[in-house]
Number of protein chains: 2
Amino acid sequence: MPVTIYDVAREAGVSMATVSRVVNGNPNVKPLTRKKVLSAIERLGYRPNAVARGLASKKTTTVGVIIPDVSSLFFSELARGIEDIATMYKYNIILCNSDQRLEKELQLINTLLEKQVDGLLFMGAEIKEDHLQALKSASVPTVLAATRDADNTLPSVTIDHFQAAYDATRELIDHGHKRIAMITGPMNDPLGGLIRYEGYKRALQDAGLPLDEALVAHGNFFYESGLKATAQFLTLTERPTAVFAANDEMAIGAIHAAQDAGLQVPRDLEVIGHDNIRLVEMVRPRLTSVVQPMYDIGAVAMRLLTKYMNNEQVDEHVVLLPHRIEHRESTRPRETADS
Amino acid sequence: MPVTIYDVAREAGVSMATVSRVVNGNPNVKPLTRKKVLSAIERLGYRPNAVARGLASKKTTTVGVIIPDVSSLFFSELARGIEDIATMYKYNIILCNSDQRLEKELQLINTLLEKQVDGLLFMGAEIKEDHLQALKSASVPTVLAATRDADNTLPSVTIDHFQAAYDATRELIDHGHKRIAMITGPMNDPLGGLIRYEGYKRALQDAGLPLDEALVAHGNFFYESGLKATAQFLTLTERPTAVFAANDEMAIGAIHAAQDAGLQVPRDLEVIGHDNIRLVEMVRPRLTSVVQPMYDIGAVAMRLLTKYMNNEQVDEHVVLLPHRIEHRESTRPRETADS
DNA sequence: CTGTTAGCGCTTTCAC
DNA sequence: GTGAAAGCGCTAACAG
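Residues numbered from 1 in each chain as written. Chains lettered and ligands numbered in written order. Predicted model: local features only at pLDDT ≥ 70, side-chain atom pairs only at ≥ 80, totals over all residues. Heavy atoms only, no water.

As annotated in an unreviewed UniProt entry, chain A carries the name Catabolite control protein A and comes from Brevibacillus composti. Here is the UniProt Function (unreviewed entry) comment for chain A, exactly as written: "Global transcriptional regulator of carbon catabolite repression (CCR) and carbon catabolite activation (CCA), which ensures optimal energy usage under diverse conditions." (UniProt positions renumbered as here; feature names shortened; annotations may be inferred.)

Okay, here's the thing in structure tokens:
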């Protein structure tokens, strides 16, 4: 039923090999022959079968992407960066949601390898020994995006999460705050959760400020948890005067909790978020946030993966992208800062 | 290098056919034989090659998904619904961003067909003759998600956009408003743009209200455009007292524009959005919005596609999911409404 | 520059 | 229940 390379060959009066050459842009074809083939292709409406090609060439020009949740504001931005660069290099992506469940992640790795992807892009919170094991069984390269494994066994693209959290906290300290609260991510998330908390603690410590457990709440990255944590903070007799949230959604929750309590941001409570998702511009006051360049992380990770897939030389297997703080109205300008 | 079905056959002392049967769960295998094969698979670490399988069986258990932009709050939610159901039916998805550019859409359709996807899920604003043409050249089924073609040539899953916009406008009319503004989507988007505008116009007309062109702004679905449009509305001598925006992002922009102008929502301006994305809960006041069940649309579309792919009987090729208005604080409760 | 010839790893009749 | 054998549609040596 469908027209094959063989049909085209017959129609053009050449061999399959020649058709294959034309289709693949091999220069070793006489212009006239090429023209004949092209016209036969046109006439027959030939469409190369990528599956057959994949079997014969052992390349599928497809990469597997494991993502916790595409509908997340954070990850969908990453996914876009990944796909754009993939397209640029003629790859397609098979996208799979893992919900960060270990079992599902492992199963997805396996499925993707069965599908003979040329490479794997992995996003997720924690990289366990199981992941390393599963990935090692693959003959294809893997790159981690927005995360990394503890020993840097795998190539990865991230920012310096510790430093980013440190900087954010430091910023609040510099504004004269003594009681700075933090809404962390889940503590079983090494980078998004634990390390940012460590950065916060270190910054306090370096500034000689005490760590008050009452000012630390463990959130789950969702708006609601930021809202609740902050509402709770505000019931304390010694309330915090600033909050650092491990992501923007929770930070926005913090702003709203403050407003719901009749406080003004940043006058009564300064708030700083993390990631700088598009949402930060869609709140009043607009949210100051640590910029994690999601799109770029995805793009760089994919670019890195193409290098591995092409056996190109790679000097930096572990890439750290720069971060910075984008100042908006949820924090006071430095000049006018006071406690 | 990689272990093939042939290796397993030899190791287990059976034929490839038998291994194939075991792998595919064919019941016609003696339990003992099955056990031998399974153990050989285990021992060798055999992983079936889905590409070879795809070539031989002409099924890839992969569907192509064309999406305008995964990083969009609206579409990423749809994508999640699609992927979840795909997973449920053992399909993987190749996800491609089209940015709604016709040329890219057509090219993606072609690429996906080359990759021998078993089906196609298409999201986009306008379905042109070109699309129909390209899709027709495929021997695989296509389902449209959150859109449909003018003649319902293709199966689709949507809500009744006209009625949804009508209902939203009607709601504001019922609150006693005489000057109701609308921020539309792009007019070249038949459903998200044009039809919602038609619904708005009809509602006004049915209520005997005049259509004031000064109260209609054409936005682009982004926050900024809602912000600007509303700021503009508020400079009018006869300001609107209510706004209906064609999506939530613009509606949130409307809220902020009002607040920036020192007005209170909903007291001075009622705002109603469209889609009910997750963001509506993350603004103050929280946004009243027309619920378009994105996740469900994706899920139902994918489910429908599985039916076509399995040649199952389908009675409803064009499915309309119900919509409703979710009332929040950006509109006044009906009881206390006044002009 | 072009054609011949093996496969790629699996499914699928068709026999037995 | 099981095996033999013929492809699926293409690429990739290898010859010429």
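There's plenty left to go through after this.
A. Highlighting unusual backbone geometry. Here the amide bond leading from Val265 of chain A into Pro266 of chain A is cis, since omega sits at 10°, within 30 degrees of zero. Mapped onto the fold, Pro266 of chain A is located in the loop between helix 11 (248–260) and strand 9 (270–275). Along the chain, Arg284 of chain A connects to Pro285 of chain A via a cis peptide bond; the corresponding omega equals -10°. Looking at the element boundaries, Pro285 of chain A is found in the loop between strand 9 and strand 10 (288–291). Non-glycine residue Lys90 of chain A carries a positive phi angle of around 70°. Locating Lys90 of chain A in the fold gives a position in the loop between helix 5 (73–88) and strand 2 (92–97). Judged by relative accessible area, Lys90 of chain A falls into the exposed class, the value being 68%. The backbone of Thr61 of chain B sits at a positive phi, close to 45°, despite the residue not being glycine. Residue placement: Thr61 of chain B occurs in the loop between helix 4 (50–57) and strand 1 (62–67). Looking at Thr61 of chain B, the relative accessible area reads 33%, which means it is partly exposed. (Helix = DSSP H or I, 4+ residues; strand = E, 2+ residues; numbered from the N terminus. Buried < 20%, exposed > 50% of the residue type's maximum accessible area, 1.4 Å probe, protein only.)

B. Up close: the sheet that holds strand 4 (residues 142–145) of chain A. Strands sit in the order 11(A)-5(A)-4(A)-3(A)-1(A)-2(A)-2(B)-1(B)-3(B)-4(B)-5(B)-11(B) across an open sheet of 12 strands; the sheet is mixed. Where the open sheet ends on each side, the last strands, each with one partner, are strand 11 (318–321) of chain A together with strand 11 (318–321) of chain B. The average angle at which neighbouring strand axes cross in this sheet is 25°, direction not considered. As paired strands, strand 1 of chain B and strand 3 (residues 119–122) of chain B are joined by four bridges and run parallel to one another. Within strand 3 of chain B, the residue paired with Val65 of chain B across the bridge is Leu121 of chain B. Along the sheet, helix 12 (residues 294–309) of chain A makes contact with strand 1 (62–67), strand 3 (119–122), strand 4, strand 5 (156–159) and strand 11 of chain A, crossing strand 4 of chain A at roughly 170°. (Pairing = 2+ DSSP bridges. Axes fitted to C-alpha atoms, helices over the stretch in contact; angles between N-to-C directions. Contact = heavy atoms within 4.5 Å.)

C. Looking closely at the domain arrangement of chain A. As assigned here, chain A comprises domain 1 (5–48), domain 2 (59–159 + 294–324) and domain 3 (161–291). Summarising the inter-unit geometry, the C-alpha centres of domain 1 of chain A and domain 2 of chain A are found 36 Å apart. (Domains from an automatic or database assignment.)

D. Focus on the state of the cysteines. Under the defined criterion, the tally for this structure stands at zero disulfides over all chains. As a non-bridged cysteine, Cys96 of chain A has Cys96 of chain B as the owner of its nearest cysteine sulfur, 14 Å distant. Judged by relative accessible area, Cys96 of chain A falls into the buried class, the value being 1%. (Disulfide = S-S within 2.5 Å.)

E. Looking closely at the protein's contact with DNA strand C. The local shell around DNA strand C holds 26 residues, among which Arg21 and Thr33 of chain A together with Ile5, Ser20 and Tyr46 of chain B are the closest. For DNA strand C, the backbone portion of the atoms within 4 Å of the protein, that is sugar and phosphate, comes to 61%. The separation between a phosphate oxygen of DNA strand C and a polar main-chain atom of Ile5 of chain B is 2.3 Å. Between Arg53 of chain B and DNA strand C, the recorded distance is 2.8 Å, taken from a side-chain N or O atom to a phosphate oxygen. Contributing elements (two or more residues each) for the surface near DNA strand C: helix 2 (16–23) and helix 4 (50–57) of chain A together with helix 2 (16–23) and helix 4 of chain B. Looking at the surface near DNA strand C, the element that brings in the most residues is helix 4 of chain B, giving four residues. (Near = heavy atom within 4 Å. Polar contact = N/O pair within 3.5 Å; in protein donor to acceptor, adjacent residues only side chain to side chain.)

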